[in-house]
Amino acid sequence: MPRLEDDSSEIVRIDDAMREWRQGDIALDVDWFVHVGDPSVALSDMAAESPDAGIQALTSAVRGLVVLTQTCDLVRSCTTRPYVECAPLVEVDEAYLHEVERGRRPSHAALPALMPERLVVDLDRVMTVEKSIVADWTRQPGWTLDADARRFAQSLVRKRARFAFPDDFTAFARKLSSRLSGKHDKGSDEGRALRALSEIRVQATPSWDAPSITILFWFVRDELQPAFEGRNWNDLLDSWLALVPSIGRFEVVEGLVVPLETLNGVDYVSSDRLDFDHLSSSEAPPS
């Protein structure tokens, strides 16, 4: 079989096809995902033997694939950038879908084209395929607005770059996390208020490693909502902070509801986004 570098017509065919692809594009006609696993514990529809004893390449059925590779690398020639990274689609319920859409589940990403089917991108599973294979897939755009493309790219960044909160903070914030996730999609005043927040950030002073820490929660609201449905944001803030009273090395706990424009650059880069996936620990609350 000739090398790809020796088949100029095939290179042209692949490169021409890949010029249409962008990061976030979808292949719904691809219903397989390949990963490496232990056949004694892994569940799959098909399996191919590997030269390594006890290891197999497993193929699982999926609802489709989404391209993770940056657009600039997708459109470069397959002779210099021959591979594409993809992740599978999974179906979730409405509540979880909304959390993903709001950026609160870093292990998954949302795309507008997938929302009606309640499908999200499973970023915990990634496979690499050659462009020669992708060139034969049927491309479906995952987004139409530049803002959606940026939001998807930010989801990929957050998956790999999100901050690992200390275990004692995870236990400390468990009640607050449970309250926020439990009330978020409710029709109550609190539920609507939580949906009006764009993100929640946490800042530790002087540092997360210090024996005595001041915790500041930034509840970032829409700049057009200085009040929430005629109510003072501070009333809601007090109820949220009541779930995280000072304890242990978290000696001072404060919070502010502010528009994003209020945070200066130092405050923003010194704080970390609070995602529900961050707060998972078997550790008991501090005492």
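Above this text sits the structure in question.
Residues numbered from 1 in each chain as written. Predicted model: local features only at pLDDT ≥ 70, side-chain atom pairs only at ≥ 80, totals over all residues. Heavy atoms only, no water.

Of all the positions in helix α7 (residues 174-183), only Leu176, Ser177 and Leu180 are classed as buried. Burial along α7 is one-sided: seen end-on, the buried residues are contained in an arc of 100°. Residues of α7 that are buried make contact with α8 (189-195), β10 (197-205), β11 (213-221) and α9 (233-241). (Buried < 20%, exposed > 50% of the residue type's maximum accessible area, 1.4 Å probe, protein only. Helix = DSSP H or I, 4+ residues; strand = E, 2+ residues; numbered from the N terminus. Arc of directions from axis to C-beta. Contact = heavy atoms within 4.5 Å.)

Spatially, the four strands line up as an open sheet ordered β12-β11-β10-β13, and their pairing is mixed. The sheet terminates laterally at β12 (250-259) and β13 (271-273), the two strands that pair on one side only. Put simply, the sheet's adjacent strands are angled 25° from each other on average, direction ignored. Pairing analysis gives three bridges linking β10 to β13, with the strands arranged antiparallel. Of the residues in β13, the one forming a bridge with valine 202 is aspartate 272. Sitting on the sheet, α9 touches β10, β11 and β12, and the angle it makes with β12 is about 150°. (Pairing = 2+ DSSP bridges. Axes fitted to C-alpha atoms, helices over the stretch in contact; angles between N-to-C directions.)

Overall, the coordinates contain ten aromatic pairs when judged by the stated rule. For the ring pair phenylalanine 169 and tryptophan 208, a centre distance of 5.0 Å and an interplane angle of 70° mean the geometry is edge-to-face. Here the residue phenylalanine 169 occupies a position in helix α6 (residues 167-172), and tryptophan 208 occupies one in the loop between β10 and β11, the gap between them amounting to 39 residues. Of the two residues examined, phenylalanine 169 and tryptophan 208, each falls in the buried class. (Phe/Tyr/Trp six-rings, centres within 6.5 Å; stacked < 30°, edge-to-face > 60°.)

Attention shifts here to helix α5 (residues 146-161). For α5, built from 16 residues, the straight-helix expectation of 22 Å at 1.5 Å per residue is met to within 8% by its first-to-last C-alpha distance of 22 Å. Looking at the buried residues of α5, the elements they touch are β5 (65-67), β7 (108-109), β8 (119-122) and β13. (Expected span 1.5 Å × (residues − 1).)

If you look at soluble globular proteins, the nonpolar side chains tend to sit buried side by side. One finds Phe169, Ile215, Phe217, Trp233 and Trp240 to be the most contacted residues of the largest nonpolar core, which totals 31 residues. Those elements that place two or more of their residues in this core are α6, α7, α8, β10, β11, α9 and β12. Once residues lying within four places of it in the same chain are set aside, the contact partners of tryptophan 240 are Leu176, Leu180, Glu190, Leu194, Leu197, Phe219 and Trp233. Core analysis: the second largest hydrophobic core is formed by 19 residues, Ile11, Trp21, Leu65 and Leu74 among them. (Core = buried A, V, L, I, M, F, W, Y, C linked by side-chain atoms within 4.5 Å.)

With that settled, consider the environment of leucine 68. Mapping leucine 68 onto the fold places it in the loop between β5 and α2 (71-74). Judged by its relative accessible area of 10%, leucine 68 is buried. For leucine 68 and alanine 153, which are 85 residues apart along the polypeptide, the C-alpha to C-alpha distance reads 8.5 Å. Ignoring sequence-local partners within four residues, the contact set of leucine 68 consists of Gln23, Glu85, Cys86, Ala87, Val121, Leu123, Val126, Phe152 and Leu156.

Oppositely charged side chains can pair when the atoms bearing their charge come close. Enumeration according to the criterion identifies 15 salt bridges in this entry. In this structure, arginine 22 and aspartate 25 form a salt bridge, with 3.9 Å as the shortest nitrogen-oxygen distance. Accessibility expressed as a relative area gives 0% for aspartate 25, which makes it buried. The salt bridge partner of aspartate 122 is arginine 125, with a shortest N-O separation of 2.9 Å. On the basis of relative accessible area, arginine 125 is assigned to the partly exposed category, the value being 27%. Residues joined in a network through salt bridges with shared partners are Glu10, Arg13 and Asp136. (Salt bridge = Lys/Arg side-chain N within 4 Å of Asp/Glu carboxyl O.)

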